[in-house]
Amino acid sequence: DVKVTQSSRYLVKRTGEKVFLECVQDMDHENMFWYRQDPGLGLRLIYFSYDVKMKEKGDIPEGYSVSREKKERFSLILESASTNQTSMYLCASSLQGRYEQYFGPGTRLTVT
Amino acid sequence: AQSVTQPDIHITVSEGASLELRCNYSYGATPYLFWYVQSPGQGLQLLLKYFSGDTLVQGIKGFEAEFKRSQSSFNLRKPSVHWSDAAEYFCAVGHPNFGNEKLTFGTGTRLTIIP
């Protein structure tokens, strides 16, 4: 079974802090994704990576950056957290050429 | 641009009753279609998928979905729901024209089961 893990289930940060969310997958997937999930808005893609050091902006990249130095790990960075970034963050991965995405358990981030 | 509509924000069903969750997509070609389920506090789990062929697809946990090209729909069904089916359900679409195996998700339908 594919396993996608995220570094924290719950996180509380202060406005202006730099925040790192880590995601690791163990199935050698080429593609990795970061989404945020908000009530009534569903899942919105923040960033996508299709290979090590390769990234592509999603629908809502403003205020976020990403890093993929190793194939199994994809990090989401909030350079200066703001209260409107309070949300559930979901990481997913998929094989190149395949559309089925496998999700981690999510990180619920609260910015105060 | 492609879009996915789940017209029902919240559905309440009695345990043992049948269930149908609606999903409509807007795209010129037939996309790849998915249903995911999210239990409270959890990530998303793939229930089933459709790429081509037989328009009735079977998934896990006793769910099935039917692709209807004429209605641009991919509705999820279950003949008899269990209390453990209470969750949020997301429909998603993908297509090679979207670029890089990305999916577009609907806004979700929350399912409540009453005894």
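Residues numbered from 1 in each chain as written. Chains lettered and ligands numbered in written order. Predicted model: local features only at pLDDT ≥ 70, side-chain atom pairs only at ≥ 80, totals over all residues. Heavy atoms only, no water.

Caption draft 1: Quick peek at the pairing of strand 5 (residues 32–38) of chain B. All names here are of chain B. Buried residues dominate strand 5, accounting for 6 of its 7 residues. Two strands pair when backbone bridges link them, and strand 5 and strand 6 (residues 44–50) are joined in this way by 6 bridges, in the antiparallel orientation. Its bridge partner being in strand 6, Trp35 is matched across the sheet by Leu48. Between strand 5 and strand 6, which follow one another and run antiparallel, lie 5 residues, and Gly41 among them has a positive phi close to 75 degrees. (Buried < 20%, exposed > 50% of the residue type's maximum accessible area, 1.4 Å probe, protein only. Helix = DSSP H or I, 4+ residues; strand = E, 2+ residues; numbered from the N terminus. Pairing = 2+ DSSP bridges.)

Caption draft 2: Spatial organisation of the interface of chain B and chain A. Listed as interface residues are 23 residues of chain B and, on the opposing side, 24 residues of chain A. Taken together, the two surfaces of chain B and chain A that pack against each other cover about 1900 Å², and 56% of this comes from carbon and sulfur. Connecting chain B to chain A are 2 salt bridges. Glu56 of chain A is the salt-bridge partner of Lys102 of chain B, the closest N and O atoms lying 2.9 Å from each other. Linking chain B with chain A are 7 residue pairs in polar contact (both at pLDDT 80 or more). Residue assignment for the side of chain B that touches chain A shows that the elements contributing at least two residues are strand 5, strand 6 and strand 10 (87–94) of chain B. Sort the elements by how many residues they give to the side of chain B that touches chain A and strand 5 of chain B lands first, with 4 residues. Broken down by class, the residue content of the side of chain B that touches chain A amounts to 10 nonpolar, 9 polar and 4 charged. (Contact = heavy atoms within 4.5 Å. Buried area = accessible area lost by both parts, 1.4 Å probe. Salt bridge = Lys/Arg side-chain N within 4 Å of Asp/Glu carboxyl O. Polar contact = N/O pair within 3.5 Å; in protein donor to acceptor, adjacent residues only side chain to side chain. Nonpolar A, V, L, I, M, F, W, Y, C, P; charged D, E, K, R; others polar.)

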